[in-house]
Amino acid sequence: DGGITQSPKYLFRKEGQNVTLSCEQNLNHDAMYWYRQDPGQGLRLIYYSQIVNDFQKGDIAEGYSVSREKKESFPLTVTSAQKNPTAFYLCASSIPPGQGIYGYTFGSGTRLTVV
Amino acid sequence: DAKTTQPPSMDCAEGRAANLPCNHSTISGNEYVYWYRQIHSQGPQYIIHGLKNNETNEMASLIITEDRKSSTLILPHATLRDTAVYYCIVRVWSGGSQGNLIFGKGTKLSVKP
């Protein structure tokens, strides 16, 4: 079945450490996205990529980095520069805006906790 | 910022229709209305979208007013599994960042037995 997979489901990080969250999709979607969600809040866009080897900052990119070396994969690194990284992280994919009016497919999320 | 306004919470009795309103008074002619829902601790799930005509699928119906400044998502027979946060989003059909989905806080729908 086609879908989008995030791993791990839960992640604990010590202060000062970098961690990488995985996102893989087999939907053949060109566009991929990373969102952050804090308790009781909506989703905020961190980074997005509309094509391989290209990505753009979203609204809250500071302290995060991404890469898009393969169409299927869009890993997110939470660096030590992110001052409050504890949150629920969601990855999504879609046909790029302008090429279709379809919605996003989301993964099941990674809950990151700084200990 | 989100371009939509939704009530923060609503209750609905199981088996009854749930009508979730959304205001999008500044919507542009090339912007679609999308609805997603998020069950606790899961990723959002696409429900339906529309431009100006009413739409229906196996999950819900979307009613858009003639002036397109508001819409209503209808779950015809709500079940306990429909308890979730429902997001109404307007999205332009174009390339670049304008086409990205921007989520507000949504409406928390509680379906009660």
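Above this text you will find the structure in question.
In this text the structure is predicted, and so the values were computed from the model without any measurement.

Student: Would you mind showing me how to read the overall build of chain B here?
Tutor: Within chain B, the secondary structure is distributed over zero helices and nine strands. Put simply, chain B runs from its N terminus to its C terminus through helices and strands in the order β-β-β-β-β-β-β-β-β. The C-alpha radius of gyration of chain B comes to 13 Å, within 12% of the 13 Å expected for a compact globule of 113 residues. Based on the C-alpha atoms only, the size of chain B along its principal axes is roughly 45 × 30 × 25 Å. The buried share among the 113 residues of chain B stands at 46%. Within chain B, residue pairs in contact and separated by at least 24 positions form 57% of the contacts whose partners lie at least 6 positions apart. Roughly 5,800 Å² of accessible area belongs to chain B as shown, and the carbon and sulfur atoms make up 49% of that amount.

Student: Just to check I follow, could you spell out the state of the cysteines for this structure?
Tutor: As used in these notes, a disulfide is a covalent bond between sulfur atoms, one from each of two cysteines. All names here are of chain A. Applying the stated criterion to the full structure yields two disulfides over all chains. The disulfide that involves C23 links it to C91, with 1.9 Å between the sulfurs. Judged by the sign of its S-S torsion, about -75°, the cystine formed by C23 and C91 is left-handed. Of this pair, C23 sits in strand β3 (residues 19-25) while C91 sits in strand β9 (residues 87-94); the two residues are 68 residues apart in sequence, bridging distant segments of the chain. An identical accessibility class is assigned to C23 and C91; each is buried.

Student: Could you clarify how one ought to interpret the side chain of B:H24 in this entry?
Tutor: Residues and elements named next belong to chain B. Within the fold, H24 resides in the loop between β2 (18-23) and β3 (31-38). Overall, H24 belongs to the buried group, its relative accessible area being 0%. Here R68 takes part through its backbone oxygen, which lies 2.8 Å from a polar atom of the side chain of H24. If we ignore the near neighbours within four places in the chain, the residues touching H24 are K3, T4, V33, R68, K69, S70, S71, C88 and V90.

Student: How should the packing of aromatic side chains be read in this particular structure?
Tutor: The final tally for this structure, using the stated rule, is 13 aromatic pairs over all chains. Here the aromatic rings of A:Y35 and B:F103 are separated by 5.6 Å at their centres, their planes lie at 85°, and the arrangement is edge-to-face. Here A:Y35, found in strand β4 (residues 31-37), pairs with B:F103, found in the loop between β8 (84-92) and β9 (107-112), and the two come from separate chains. Comparing A:Y35 with B:F103, the two get one shared label, buried. Ring pairing ties together the aromatic residues A:Y33, A:Y35, A:Y48, A:Y104, A:F106, B:Y34, B:Y36, B:Y46, B:Y87 and B:F103, which thus form one cluster.

Student: Would you mind showing me how to read the layout of surface pockets here?
Tutor: It is the rolling of a water-molecule-sized probe over the atoms that shows where space remains empty. By volume, the largest pocket is sized at about 550 Å³. Mapped by element, the contributors of at least two residues to the lining of the largest pocket are β9 and β11 (110-114) of chain A together with β8 of chain B. Among the elements that take part in the lining of the largest pocket, β8(B) stands out by supplying four residues, more than any other. Looking at side-chain class alone, the lining of the largest pocket contains eleven nonpolar, twelve polar and four charged residues.

Student: How do you make sense of the sheet that holds β2(B) when you look at a structure like this?
Tutor: Note: strands within a sheet are paired through backbone hydrogen bonds, in either parallel or antiparallel orientation. All names here are of chain B. A sheet is described by the order of its strands in space; here four strands give the open sequence β2-β7-β6-β5, paired in antiparallel fashion. Sheet topology places β2 and β5 (55-56) at the edges, where each strand pairs with a single neighbour. Across two bridges, β5 lies against strand β6 (residues 61-64) in antiparallel orientation. What sits directly across from E55, in β6, is L62.

Student: Can you help me understand the sheet that holds strand β1 (residues 9-13) of chain B in this one?
Tutor: Residues and elements named next belong to chain B. With respect to topology, five strands assemble into an open sheet ordered β1-β9-β8-β3-β4, the strand pairing being mixed. Whereas interior strands pair on both sides, the edge strands pair on one side only; in this sheet they are β1 and β4 (45-50). Between one strand axis and the next, the sheet turns through 25° on average, direction left out of account. Pairing of β3 with β4 involves five bridges; the strand directions are antiparallel. If you follow W35 over to β4, its bridge partner there is I48.

Rules and cut-offs
- Residues numbered from 1 in each chain as written.
- Chains lettered and ligands numbered in written order.
- Predicted model: local features only at pLDDT ≥ 70, side-chain atom pairs only at ≥ 80, totals over all residues.
- Heavy atoms only, no water.
- Helix = DSSP H or I, 4+ residues; strand = E, 2+ residues; numbered from the N terminus.
- Rg over C-alpha atoms; globule rule 2.2 N^0.38 Å.
- Buried < 20%, exposed > 50% of the residue type's maximum accessible area, 1.4 Å probe, protein only.
- Contact = heavy atoms within 4.5 Å.
- Areas by Shrake-Rupley, 256 points an atom, 1.4 Å probe, with all protein chains shown as cover.
- Disulfide = S-S within 2.5 Å.
- Polar contact = N/O pair within 3.5 Å; in protein donor to acceptor, adjacent residues only side chain to side chain.
- Phe/Tyr/Trp six-rings, centres within 6.5 Å; stacked < 30°, edge-to-face > 60°.
- 1 Å grid on protein atoms, 1.4 Å probe; cavity = no way out; pocket = protein on both sides within 12 Å on 5 of 7 lines; lining within 4 Å.
- Points joined across faces, edges and corners; volume = space filled by probe spheres on them.
- Nonpolar A, V, L, I, M, F, W, Y, C, P; charged D, E, K, R; others polar.
- Pairing = 2+ DSSP bridges.
- Axes fitted to C-alpha atoms, helices over the stretch in contact; angles between N-to-C directions.

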